[in-house]
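What follows is the residue order along each chain.
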Amino acid sequence: MSSSELTLYLDLLSQPCRSVYIFTRANKIPFNHCKLQLLKGEHLTQEFGKVNALHKVPALKDGDFTMAESTAILLYLARKYKTPDHWYPSDLQKRARVDEYLAWQHTNTRPNSAKVFWTKCVSPTLLGKEAPREKLDAVLADFNTTMKNLEEKFLGNKPFIAGDEISVADLVAIVEIMQVIAGGVNVFEERPKLGAWKQQVVEAVGEDLFQEAHEWILSFSKQKFEPLPAELLQRLKSSPLYKD
């Protein structure tokens, strides 16, 4: 544990947690790592509710200051620790490209990647419910549209979303896509441009760190899980993703 006042509440099963974890480690930001286990319902406790009343991760506690939402946390950390400019560029138009992607991904990359992971992994592994073929085809179609937009609109002919260097936008994007890789869908096989971008992201943050952050999610389908807590199980079953 670090002696820093900064504490991050994370579970690397969560894609937004991975973005925050990689960012802090890549930038050598000291923090206390409070490891929560989502599948044990540790984020639902009253104690954690004092840090984040939304009962979601990631969450940040910096002295008496607390906050939620991964993209807001990333930008707070970039500003507070004055990380290299490329992460959240001072150039107005480059920063606008980062902001544009962060605004877009909430209703595109994030939900469409999550739906693939849900139908391919969560539902059959944790809930014992296989997704109908037509539902899987539908979520894959939405995800493929998202990847087309990421390639053509956000990357274009640039190596990274904001230009020639990695930014928080690339980090937020890659962790979501790796969720789909964990679901057994080879996202990069027929997308060489996207594959080249992924490799550049890995090289920019360091391959060892990238693999460490994704080790748990990439082995998800091979894990044996204990029965879920009743409250968490009910929350999962009430999710719109659970319904046919």
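Residues numbered from 1 in each chain as written. Predicted model: local features only at pLDDT ≥ 70, side-chain atom pairs only at ≥ 80, totals over all residues. Heavy atoms only, no water.

Per an unreviewed UniProt entry, the protein chain goes by the name glutathione transferase and belongs to Xenopus laevis. In its Sequence similarities (unreviewed entry) section, UniProt records this for the protein chain: "Belongs to the GST superfamily. Theta family." Turning to the protein chain, the UniProt record has this under Catalytic activity (unreviewed entry): "RX + glutathione = an S-substituted glutathione + a halide anion + H(+)". (UniProt positions renumbered as here; feature names shortened; annotations may be inferred.)

A.B. asks: Help me understand helix 9 (residues 207–218), please; the structure alone is not making it clear to me.
C.D. replies: Since the α-helix advances by 3.6 residues per turn, residues separated by three or four positions end up pointing in the same direction. Along helix 9, the residues classified as buried are Leu 209, Phe 210, Ala 213, His 214 and Ile 217. Projected down its long axis, helix 9 shows its buried positions confined to an angular sector of 105°, all on one face. The outward face of helix 9, more than 90 degrees from its buried face, is lined by the exposed residues Asp 208 and Glu 215. As for helix 9, its buried residues are in contact with helix 1 (15–26), helix 5 (109–126), helix 7 (168–182) and helix 8 (192–205). (Buried < 20%, exposed > 50% of the residue type's maximum accessible area, 1.4 Å probe, protein only. Helix = DSSP H or I, 4+ residues; strand = E, 2+ residues; numbered from the N terminus. Arc of directions from axis to C-beta. Contact = heavy atoms within 4.5 Å.)

A.B. asks: Would you mind showing me how to read the sheet that holds strand 3 (residues 59–62) here?
C.D. replies: Pairing between the strands of a sheet is mediated by backbone hydrogen bonds and can be parallel or antiparallel. As summarised here, the arrangement of the four strands in space is 2-1-3-4, forming an open sheet in which the pairing is mixed. The open sheet has two free edges, formed respectively by strand 2 (32–35) and strand 4 (65–68), since each of these has just one partner strand. Looking at each pair of strands side by side, their axes are set apart by 20° on average, direction ignored. Bridge count for strand 1 (residues 6–10) against strand 2 is four bridges, and the pairing is parallel. Bridging across to strand 2, Leu 8 finds its partner in His 33. Where helix 1 meets the sheet, its contacts fall on strand 1 and strand 2, and the angle it forms with strand 1 comes to roughly 145°. Where helix 3 (residues 70–80) meets the sheet, its contacts fall on strand 1, strand 3 and strand 4, and the angle it forms with strand 4 comes to roughly 135°. (Pairing = 2+ DSSP bridges. Axes fitted to C-alpha atoms, helices over the stretch in contact; angles between N-to-C directions.)

A.B. asks: Explain the domain arrangement of the protein chain here, please?
C.D. replies: Many authors give the size of an interface as the accessible area that is lost as the parts come together. The domain boundaries assigned to the protein chain delineate domain 1 (6–87) and domain 2 (92–242). Centre-to-centre, using C-alpha coordinates, domain 1 lies 19 Å away from domain 2. Counting from both sides, the interface comprises 23 residues of domain 1 and, opposite them, 32 residues of domain 2. Contact between domain 1 and domain 2 buries roughly 2500 Å² in total, counting both sides, with carbon and sulfur atoms accounting for 69%. (Domains from an automatic or database assignment. Buried area = accessible area lost by both parts, 1.4 Å probe.)

A.B. asks: In this structure, what is going on with the state of the cysteines? I would like to understand it.
C.D. replies: A covalent bond between the sulfur atoms of two cysteines is what we call a disulfide. Within this structure, the stated rule accounts for zero disulfides. Free of any disulfide, Cys 17 has its nearest neighbouring cysteine sulfur in Cys 34, separated by 11 Å. Note on Cys 17: relative accessible area 0%, which makes it buried. The thiol of Cys 121 is unpaired, and the distance to the nearest cysteine sulfur, on Cys 17, comes to 18 Å. (Disulfide = S-S within 2.5 Å.)

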